[in-house]
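Here is what each chain is made of, one letter per residue.
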Amino acid sequence: SSKEEAGRIGSSLVEEKLAACVQIVAGLESIYIWQGRLCDEPEWLLLIKSRADLFDAAAARIRSLHSYDVPEIVSIPIARGSADYLGWLKASLSPSPSKEHP
């Protein structure tokens, strides 16, 4: 809902290693129906670079920090990326949970 809130969410995700990078995109306007009323609001989009196995933890953290009842939290897979960038991304995140073997 604000640049400050976007910054707080982004900083928390990166500091907690749930995201390697968060980009804040300003100047967006969203038009949607909420609770039966047409809304036209400025918003700040966060592009969060992370891994699929961290989605649930990141989503829970976003919900705990976000002022919206239903923040937009969606996952878009990386189809391809440069080896250098993907290596940096992996190194910047919490380690993958270890798989337990029976």
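This is a predicted model, so every value here is computed, not measured.

## Comments concerning the environment of Ser 92
Point 1. Mapped onto the elements, Ser 92 comes out in helix H3 (residues 83-92).
Point 2. The exposure class assigned to Ser 92 is buried, which follows from its relative accessible area of 17%.
Point 3. It is 8.6 Å that separates the C-alpha atoms of Ser 92 and Val 14, two residues lying 78 residues apart in sequence.
Point 4. Other than its neighbours up to four places away in sequence, Ser 92 contacts Lys 17 and Ala 20.
Point 5. Separated by 2.8 Å, the side chain of Ser 92 and the backbone oxygen of Trp 88 make a polar contact.

## A look at the pattern of salt bridges
Point 1. Tallying each qualifying case throughout the model produces two salt bridges.
Point 2. Across the salt bridge formed by Arg 61 and Glu 16, the nearest N and O atoms sit 3.0 Å from each other. Of the two residues, Arg 61 sits in helix H2 (residues 55-65) while Glu 16 sits in the loop between helix H1 (3-15) and strand S1 (21-34), which places them 45 residues apart along the sequence.
Point 3. Among the residues examined, Glu 16 registers a relative accessible area of 34% and is labelled partly exposed.
Point 4. Across the pair Asp 53 and Arg 51 runs a salt bridge, and its minimum N-O distance is 2.7 Å.

Calculation criteria
- Residues numbered from 1 in each chain as written.
- Predicted model: local features only at pLDDT ≥ 70, side-chain atom pairs only at ≥ 80, totals over all residues.
- Heavy atoms only, no water.
- Helix = DSSP H or I, 4+ residues; strand = E, 2+ residues; numbered from the N terminus.
- Buried < 20%, exposed > 50% of the residue type's maximum accessible area, 1.4 Å probe, protein only.
- Contact = heavy atoms within 4.5 Å.
- Polar contact = N/O pair within 3.5 Å; in protein donor to acceptor, adjacent residues only side chain to side chain.
- Salt bridge = Lys/Arg side-chain N within 4 Å of Asp/Glu carboxyl O.

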